[in-house]
Amino acid sequence: MAGHSQFKNIMHRKGAQDAKRAKQFGKIIRELTVATRSGLPEANSNPRLRAAIVAAREVNMPKDTIERAIKKASGGAGGDDYVEMRYEGYGPAGVAVIVEALTDNRNRTASEVRAAFSKSGGSMGETNSVSFMFRRLGVITYPVSAASEDDMLEAAIEAGAENVVSTDAGHEITCEVESFFAVKDGLEARFGEAESGKLDWRPENTVTLDEEKARSLFKFLDVLEDNDDVQNVYANFDLPDDLAEKLSA
């Protein structure tokens, strides 16, 4: 139950994303809409909706805003209709990138994402052109204060988790997608609500970047994340600790 932590990379990207929290509301409402329509409008019986509500709480979306989005989506006909799309390719420095989108216009979104790849010096490929370099995992995080390293490890093993990494930044628990809610429920029964919980693409190997390449990559990732249709962006980069701290300053 040990492994390399990518907290430093994740936390750098989180800083940029926090600055765009207002835009995130729109993205999460899309996910709430699609999740509600994918099953019952009830979190306990709709795992995707349950995960979307957790994501909404992470960005402090008001409860009434969440409820309105679910109610609107469950109202039947009318409203926006979104299609899930996944784009893959290589960005600056040969970094593999996965882009998840929810769009009401496939041609527009594909064109905009392809243009972003092209302008960065990268190239968009076919579906599965880079996803084989990643693993789809459930990821649950807790603050350091939630439990000791040993207690978290013990609880994670009992709940069926695959891996635990505890650092000064907190506890990160990973598990198979199929076990995600069972592991999350088991941990929350013992330690209370998780800081975050989501399905994630994690790289099997990474490309270590210098400062110039990192700045170029982050500029590209920012363009993607600024797109209203783009929900999530994943990339297989790694940064030396000192560079991660410098870019986060």
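Everything numeric in this text was worked out from a predicted model, so none of it was measured.

**Q** Describe in detail the packing of aromatic side chains, supporting the description with residues and values.
**A** Summed over all chains, the structure comprises four aromatic pairs. Arranged with centres 6.0 Å apart and planes meeting at 75°, the rings of Y142 and F191 form a pair that is edge-to-face. One end of the pair, Y142, is in strand β4 (residues 134-142); the other, F191, is in helix α7 (residues 180-191), and 49 residues separate them in sequence. Under the relative-accessibility criterion, Y142 is labelled buried at 1%. Given the relative accessible area of 18%, F191 is considered buried. Residues F180 and F181 carry aromatic rings whose centres are separated by 4.9 Å and whose planes lie at 70° to one another, so their mutual orientation is edge-to-face. Overall, F180 belongs to the buried group, its relative accessible area being 2%.

**Q** So what about the sheet that holds strand β7 (residues 196-203)? Which residues, and what values?
**A** Spatially, β5-β6-β4-β7 is the arrangement adopted by the four strands of the open sheet, whose pairing is antiparallel. Since the sheet does not close on itself, it has two edges, and those belong to β5 (163-167) and β7, each with one partner. Across the sheet, the mean angle separating the axes of adjacent strands is 30° when strand polarity is ignored. As defined by bridge partners, β4 adjoins strand β6 (residues 170-176) across six bridges and the pair is classed as antiparallel. Its bridge partner being in β6, T141 is matched across the sheet by E172. Along the sheet face, α7 touches β4, β6 and β7 and points at about 15° away from the line of β4.

**Q** Residues and numbers for the nonpolar core, please.
**A** One finds V97, L217, F220, L221, L224, F237 and L239 to be the most contacted residues of the largest nonpolar core, which totals 24 residues. Contributing elements (two or more residues each) for this core: β2 (96-103), α5 (106-119), α8 (211-226), β9 (230-235) and α9 (241-248). For this core, the leading source of residues is α8, giving six residues. If near-sequence neighbours (up to four positions away) are discounted, V97 is found in contact with Y87, E88, G89, G91, F117, V130, F220, L224, V233, Y234 and A235.

**Q** How would you explain the packing of helix α6 (residues 149-159) against α7 if you had to name every residue and give the values?
**A** Where α6 contacts α7, the two axes come as close as 8 Å, and the packing angle between them is 140°. Accordingly, the angle class assigned to the pair α6 and α7 is oblique. When you trace α6 past α7, the crossing you get is right-handed. Here α6 contributes D151, M152, E154, A155, A156, E158 and A159 to the contact with α7, which in turn contributes A182, V183, G186, L187, R190 and F191. Classifying every residue of the contact of α6 with α7 gives eight nonpolar, one polar and four charged.

**Q** I'd like to hear about α8, residue by residue, with values.
**A** An ideal rise of 1.5 Å per residue puts 22 Å on 16 residues; α8 measures up with 22 Å between its terminal C-alpha atoms. Turning to α8, its buried residues are A214, L217, F218, F220, L221, L224 and E225. Mapping the buried residues of α8 onto a view down its axis gives an arc of 165°, with all of them on the same face. In α8, the exposed residues that point more than 90 degrees away from the buried face are E212 and K219. Structurally, the start of α8 carries an N-cap: the backbone nitrogen of E212 is 3.3 Å from a side-chain oxygen of D210.

**Q** I'd like to hear about the pattern of salt bridges, residue by residue, with values.
**A** This structure, assessed with the given rule, holds 17 salt bridges. Two residues, E31 and R48, come together in a salt bridge whose shortest N-O distance is 2.7 Å. One end of the pair, E31, is in helix α2 (residues 21-37); the other, R48, is in helix α3 (residues 47-58), and 17 residues separate them in sequence. Note that E154 and R190 form a salt bridge whose closest N and O atoms lie 3.8 Å from each other. A residue pair is termed long-range when its members are at least 10 positions apart, and E154 in helix α6 and R190 in helix α7 qualify at 36 residues. Since its relative accessible area comes to 39%, E154 is described here as partly exposed. In the salt-bridge network here, residues are joined through shared partners; they are R30, D104, R108 and D229.

**Q** Break down the confidence of the model for the chain for me, citing the residues and quoting the values.
**A** Looking at the chain, pLDDT values average 87 and 89% of them are 70 or higher. In the model of the chain, helix α1 (residues 7-18) stands out as the element of lowest mean pLDDT, 48, in contrast to α5, which has the highest, 97. Scored below 50 in pLDDT, residues 1-8 makes 28 contacts in the model with residues more than four places away or belonging to other chains.

About the thresholds
Residues numbered from 1 in each chain as written. Predicted model: local features only at pLDDT ≥ 70, side-chain atom pairs only at ≥ 80, totals over all residues. Heavy atoms only, no water. Phe/Tyr/Trp six-rings, centres within 6.5 Å; stacked < 30°, edge-to-face > 60°. Helix = DSSP H or I, 4+ residues; strand = E, 2+ residues; numbered from the N terminus. Buried < 20%, exposed > 50% of the residue type's maximum accessible area, 1.4 Å probe, protein only. Pairing = 2+ DSSP bridges. Axes fitted to C-alpha atoms, helices over the stretch in contact; angles between N-to-C directions. Contact = heavy atoms within 4.5 Å. Core = buried A, V, L, I, M, F, W, Y, C linked by side-chain atoms within 4.5 Å. Parallel < 35°, antiparallel > 145°, perpendicular 65-115°, else oblique. Left-handed = near helix turned anticlockwise from the far one by under 90°. Nonpolar A, V, L, I, M, F, W, Y, C, P; charged D, E, K, R; others polar. Expected span 1.5 Å × (residues − 1). Arc of directions from axis to C-beta. Polar contact = N/O pair within 3.5 Å; in protein donor to acceptor, adjacent residues only side chain to side chain. Salt bridge = Lys/Arg side-chain N within 4 Å of Asp/Glu carboxyl O. pLDDT = per-residue confidence, 0-100.

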